[in-house]
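Summary of structural features
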2 protein chains.
Amino acid sequence: MMAMPERPQAVVLLSGGMDSCVTAAIASRDFRSAVLHSSYGQRTEARELRAFEQIADFLGVEERLHINQRYMTAIGGSALTDQAIEVPEADLAAAQQGEIPVTYVPFRNAHFLTAAVSWAEVLGAERIFVGAVEQDSSGYPDCRPGYYRAFAAAVEAGTRPETRIAIETPLIHCSKTEIVRRGMALGAPLHLTWSCYRSESEACGTCDSCVLRLRAFEQAGFEDPAPYAVCDCRS
Amino acid sequence: MMAMPERPQAVVLLSGGMDSCVTAAIASRDFRSAVLHSSYGQRTEARELRAFEQIADFLGVEERLHINQRYMTAIGGSALTDQAIEVPEADLAAAQQGEIPVTYVPFRNAHFLTAAVSWAEVLGAERIFVGAVEQDSSGYPDCRPGYYRAFAAAVEAGTRPETRIAIETPLIHCSKTEIVRRGMALGAPLHLTWSCYRSESEACGTCDSCVLRLRAFEQAGFEDPAPYAVCDCRS
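Here goes a summary of the coordinates provided. No experiment lies behind these values; they were computed from the predicted model shown. (Residues numbered from 1 in each chain as written. Chains lettered and ligands numbered in written order. Predicted model: local features only at pLDDT ≥ 70, side-chain atom pairs only at ≥ 80, totals over all residues. Heavy atoms only, no water.)

**Focus on the relation of the copies chain B and chain A**
Relative to chain A, chain B is turned by 180° and slid 0.0 Å along the rotation axis, the superposed coordinates differing by an RMSD of 0.0 Å. Both copies of the chain, as the preceding transformation shows, are related through a two-fold rotation axis. The residues that chain B uses at the interface reappear at the interface of chain A in 100% of cases, marking a shared surface. (Least-squares fit on C-alpha atoms with pLDDT ≥ 70 in both. Contact = heavy atoms within 4.5 Å.)

Take a look at the structure:
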């Protein structure tokens, strides 16, 4: 039996949501994935961590890094990290009009990306995969292609001369419906993901994240495997 | 008595070293400073935190944020955050030849900057001050002007449309000797700073950071107020 040539390594940001799960499945086809998860004081921290571990188990990823970035609660400024700011009912029309919702965590994705870059530089990984989605999202500024291009330039300028790290955002132009279809086609473990901003046992079904997810599963023609608090929320 | 118009706010990265101390003194002339300090598992963490608090006290800065970024020890890859890698004796010739020393913490300054950006966005601060020094330093890639320009572009792309945050690096082209002179002229509390990479009680006097500091004080014509382990290290 011939030894298989070792695949190159990639760091994958794996929040435990649908987009990062499908991204991890995409990355794992061609790369040895090393998955990174952050607990940053978000409301559903424990549930997301469980999703991260279960998805990594399912994909057979051994190299995992779980980091504590809870200092983000001291910075606050978001409904996700400040318990005094309520997570609102979904308002996707506002997002379409360019309004930034209160669930925006100021410059959040840079905290995750920065850790991924440091880890990639230590591991010698030349790719970072991020499940950012621009279209069909809540309108967060750090989910747009221009942001990832700019961040990649900062990585190029701020790391060792021999370090080469490309940032891959394979889903950034996809609709959520396309992401569900792609995940299903890849056999990605969508049943293990968690999306709700508010709750850890049963998804609320009414925050931005739940509404986007429910609509995506419905339009893709699959049943959403997540448990929802309200039985008729899929209608 | 007329009320003074409130000065604009700036976030200042304050490690507790000489460069950040002088930078904080510069910022505090024109801005209400909000100072940010990170414990990232560096060897001299407690001593640096003390320097941070004492410098902030001296400058009369009330708005302080001390964050825990010790996940950087799990990433490792540096003599500062991995106890298994020894801090070497100073070798400034290597730095001049473009070699990156083992005290380089992969993409470290991005971790601090990212937190500063999030905090600035929440506070509404339009400036971030960083005491990065390119020349006369250990040759870290994340201390060069091009890196800060690239990072600023990522900040512009990844924050709210109305957010405007400029990154100021007032010392980046200065020699360490100029920094000592400038600090003395400003009345910056250099006697409260800590620079040694290795030790927390008496500075070793022989790591890159100590050697750069000692040389700077000597060339500037001032006595370095830091306590050194070896009495003849200033000769």
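**Describing the environment of I167 of chain A**
One can find I167 of chain A in strand β5 (residues 166-168). Between the alpha carbons of I167 of chain A and E126 of chain A there is a distance of 8.7 Å; along the sequence they are 41 residues apart. (Helix = DSSP H or I, 4+ residues; strand = E, 2+ residues; numbered from the N terminus.)

**What to know about the sheet that holds strand β2 (residues 32-39) of chain B**
Think of a sheet as strands paired side by side through backbone hydrogen bonds, with each pair either parallel or antiparallel. Residue and element names in this part refer to chain B. Here 5 strands make up an open sheet; going across it, the order is β3-β2-β1-β4-β5 and the pairing parallel. The open sheet has two free edges, formed respectively by β3 (63-68) and β5 (166-168), since each of these has just one partner strand. Ignoring strand direction, the axes of neighbouring strands in this sheet form an average angle of 25°. Relative to strand β4 (residues 127-129), strand β1 (residues 9-13) runs parallel, the two sharing 3 bridges. Residue V11 lies in a different strand from β4, and its bridge partner there is I128. Contacts between helix α2 (residues 45-59) and the sheet are confined to β2 and β3, with β2 contributing the most and set at about 170° to the helix. (Pairing = 2+ DSSP bridges. Axes fitted to C-alpha atoms, helices over the stretch in contact; angles between N-to-C directions.)

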